[in-house]
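Spelled out from the first residue to the last, the chains are:
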Amino acid sequence: MPRTLSEVVFVDGVRTPFGKAGEKGIFAQTRADDLVIKCIRDLLRRNPQLPAEKVEEVAIAATTQIGDQGLTLGRTAALLSGLPKSTPGYSVDRMCAGAMTAVTNTASSIAFGAYDVAIAGGVEHMGRHPMGEGVDPNPRIVAEKLVDPSALVMGSTAENLHDRFPAITKERCDAFAVGSQEKLAKAYANGQIQSDLVPVATQHQEKGWGLAVQDEPPRPGTTMESLASLKTPFRPHGNVTAGNAAGLNDGATACVLASEEAATELGLPIGMRLVSYAFVGVEPEVMGVGPVPATEKALEKAGLRIEDIGLFELNEAFAVQVLAFLDHFGIDQDDERVNPWGGAIATGHPLASSGVRLMTQLSREFAEHPEVRYGVTAMCIGLGMGGSVIWENPHHKDYASSVAKKEEVA
């Protein structure tokens, strides 16, 4: 018999401040799983109308699933967060799009009716677990020329993207990076970032006890002149630098997803509605182009055009990757719809956690822009993939609420 799918909504999202990876970073002595636990607990604190026993799944992503990022992290984090033992959980790995995939996986289960409420998120402690730790790539990948060796180094894939799109110059990338820093600084000054951040008590061998309350990576005051002098570590006389790319970071994110009907019954806020999503594969050597076909596919599934999108939250793994997306769709790199509160070049990019940061920011931006109906969260993914999710703004006058439609029919 035909099944009616449930509408899925993004209720609320939080994240820890993002730290710099390494011995001097704010989370150097903080466990990765404890960062996730802080996020889950804060979601429950912020939404007291959500009984813990109503959370029916916990999906947590990590790219390097080892040590304190291993052991089926979704389940262990659920137990350590105080959720009932009856709440299951699992781990996800789709590299940078881990949290994004945790969201789309659990959202699909909610739509299908397997459960009504879930928590999804991600964590990456790149200081404790550098990208690639413990991996053993099959030698056939390179020996049989399935990919060029550069495909295994994300910075090299960004340089390859410059080769493919010579119109995207280092100067354009540096200008985009400066803009990201300026927009984040402005958002902090306007109090637009702080509400999403979960304070984390820290202990550091050199700094002692502390409280992390803001992102560590931002470099306010960055100029074109300061970026021009940076080295290009992935290629002599190259284009990619530490200034126009996201750094190595530690941090975690989490969000509550629910069926629209359950959210309404529980009195939970609706931040946005899931419209469609898509993941695609591309040439691993130019993985940064992945968001382009992923967004095209998501738009097609939704019956929308790029002109219908009023806000873009694009992960800034590398400036060149975002500019390739914007150039493809004919969007100016200074368009105010793009990453209005800054992006990963400024905030940091703890790999598997970043997808939910994009979503949480888009949800907050929707609330400030009721005139915008649709938004996109998109990101490139290592080994040649892209992911894109389209969301609808519940504050828009034409918001297509399934609950309202059911009430009208009744």
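Everything numeric in this text was worked out from a predicted model, so none of it was measured. Sequence order sets the numbering: in each chain, residues are counted from 1 along the sequence as written. Local features in this predicted model are restricted to residues whose pLDDT is 70 or higher, and side-chain atom pairs enter the listing and the counts only when it is 80 or higher, whereas totals over whole chains, interfaces and linings include all residues. Hydrogens and waters are ignored; side-chain quantities use all the structure's heavy atoms.

K.L.:
Tell me about the nonpolar core, residues and numbers included.
P.N.:
For this analysis, a nonpolar core means a set of buried residues of the types Ala, Val, Leu, Ile, Met, Phe, Trp, Tyr and Cys, connected via side-chain atoms within 4.5 Å. For each residue, the accessible area found with a 1.4 Å probe, counting protein chains only, is set against the maximum for its type, and the residue is called buried under 20%, exposed over 50%, and partly exposed in between. Counting 44 residues, the largest nonpolar core has I309, F312, L314, F318, L326 and I390 as the members making the most contacts within it. A run of H or I in DSSP counts as a helix once it spans at least four residues, and a run of E counts as a strand once it spans at least two, with each numbered from the N terminus. Listing elements by their share of this core, those giving two or more residues are α5 (154-164), α6 (170-189), β9 (272-281), α9 (291-302), β10 (309-314), α10 (319-328) and β11 (374-381). Excluding residues within four positions of it along the chain, F318 makes contact with M154, G155, A158, V240, N244, A245 and M287. Ranked by size, the runner-up nonpolar core spans 37 residues in total, among them A59, L351, L362 and V372. We call two residues in contact when some of their heavy atoms are within 4.5 Å.

K.L.:
Pulling in residues and values, what's your account of helix α1 (residues 32-46)?
P.N.:
What a helix should span is 1.5 Å times the count of its residues minus one. Between the first and last C-alpha of α1 there are 22 Å, a value that for 15 residues agrees with the 21 Å anticipated at 1.5 Å per step. Along α1, the residues classified as buried are A32, D33, L35, V36, I37, C39, I40, D42, L43 and L44. The inward-facing, buried residues of α1 abut β1 (8-15), β3 (58-61), α2 (73-80), β5 (117-125), β6 (200-204) and β8 (249-259).

K.L.:
Requested: an account of a positive patch on the surface, with residues and values cited.
P.N.:
Patch building starts from residues that exceed 30% relative accessible area and form no salt bridge, then joins like charges within 9 Å and nonpolar side chains (Val, Leu, Ile, Met, Phe, Trp, Tyr) within 5 Å. In these tables, accessible area is a Shrake-Rupley quantity obtained with a 1.4 Å probe, and a residue counts as shielded only by the protein chains included in the view. Think of a salt bridge as a Lys or Arg side-chain nitrogen and an Asp or Glu carboxyl oxygen that are within 4 Å of each other. Positive charges come from Lys and Arg alone, negative charges from Asp and Glu alone, with His and the N- and C-terminal ends not counted. Positions of charges follow a simple convention, taking NZ of Lys, CZ of Arg, CG of Asp or CD of Glu. Side chains of K20, K24, K207 and R219 sit close together on the surface and give a patch of like positive charge. Among the secondary structure elements, K207 is positioned in the loop between β6 and β7 (208-212).

K.L.:
So, the pairing of β1: which residues are in play, and what are the values?
P.N.:
Consecutive side chains along a regular strand alternate between the two faces of the sheet. For β1, the tally of buried residues reaches eight of eight residues, placing the bulk of the element in the interior. Strands qualify as paired when DSSP identifies two bridges or more between them. Where β1 meets β8, seven bridges bridge the pair, whose relative direction is antiparallel. Its bridge partner lying in β8, F10 is registered against L257. Bridge analysis of β1 against β9 gives two bridges, and the strand direction is antiparallel. Within the sheet, the bridge partner assigned to V9 lies in β9 and is R273.

K.L.:
Which residues make up the packing of aromatic side chains, and what values go with them?
P.N.:
For Phe, Tyr and Trp, where Trp contributes only its six-membered ring, two rings pair if their centres lie within 6.5 Å, and the inter-plane angle classes them as stacked under 30 degrees, edge-to-face over 60, or tilted in between. Throughout the structure, instances matching the rule amount to four aromatic pairs. Centroid distance F10 to W391: 6.0 Å. Interplanar angle 80 degrees. Geometry classified as edge-to-face. Residue F10 is found in strand β1, and its partner W391 is found in strand β12 (residues 385-392); the two are separated by 381 residues along the sequence. Accessibility expressed as a relative area gives 1% for W391, which makes it buried. With centroids separated by 4.8 Å and ring planes inclined at 55 degrees, the aromatic side chains of F325 and F329 adopt a geometry described as tilted. Assigned by exposure class, F325 and F329 land together as buried. Members of the aromatic cluster, each reached through a chain of ring pairs, are F312, F325 and F329. The rule is short: NZ of Lys or CZ of Arg within 6 Å of the ring centre and within 35 degrees of the ring normal puts a charge over the ring. Sitting over the face of the ring of F18, R15 holds its NZ or CZ atom 4.5 Å from the ring centroid. For the cation-ring pair, R94 lies above F279, with the distance from its terminal atom to the ring centre recorded as 3.9 Å.

K.L.:
Would you mind going over the UniProt feature "active site" (unreviewed entry) in the protein chain in detail, with residue names and values included?
P.N.:
UniProt tags C96, H349 and C380 as "active site" (unreviewed entry). A compact arrangement is adopted by the annotated residues: their sequence extent is 285 residues, whereas the largest C-alpha distance between any two is 12.1 Å. Beyond its immediate chain neighbours, meaning those up to four positions away, C96 contacts T63, H349, L351, A352, M379, C380 and I381. The class for H349 is buried, based on a relative accessible area of 5%. Setting aside residues no more than four positions away along its own chain, H349 makes contact with C96, M126, A246, G247, N249, N315, A317, A344 and S354. Side chain to side chain, H349 and N315 meet in a polar contact 3.4 Å long. UniProt positions are given in the numbering used here, feature names are shortened, and annotations may be inferred rather than shown by experiment. Polar contact criterion, stated in full: a pair of N or O atoms within 3.5 Å, where within protein one must be able to donate a hydrogen and the other to accept it, and residues adjacent in sequence count only if both atoms are side-chain atoms.

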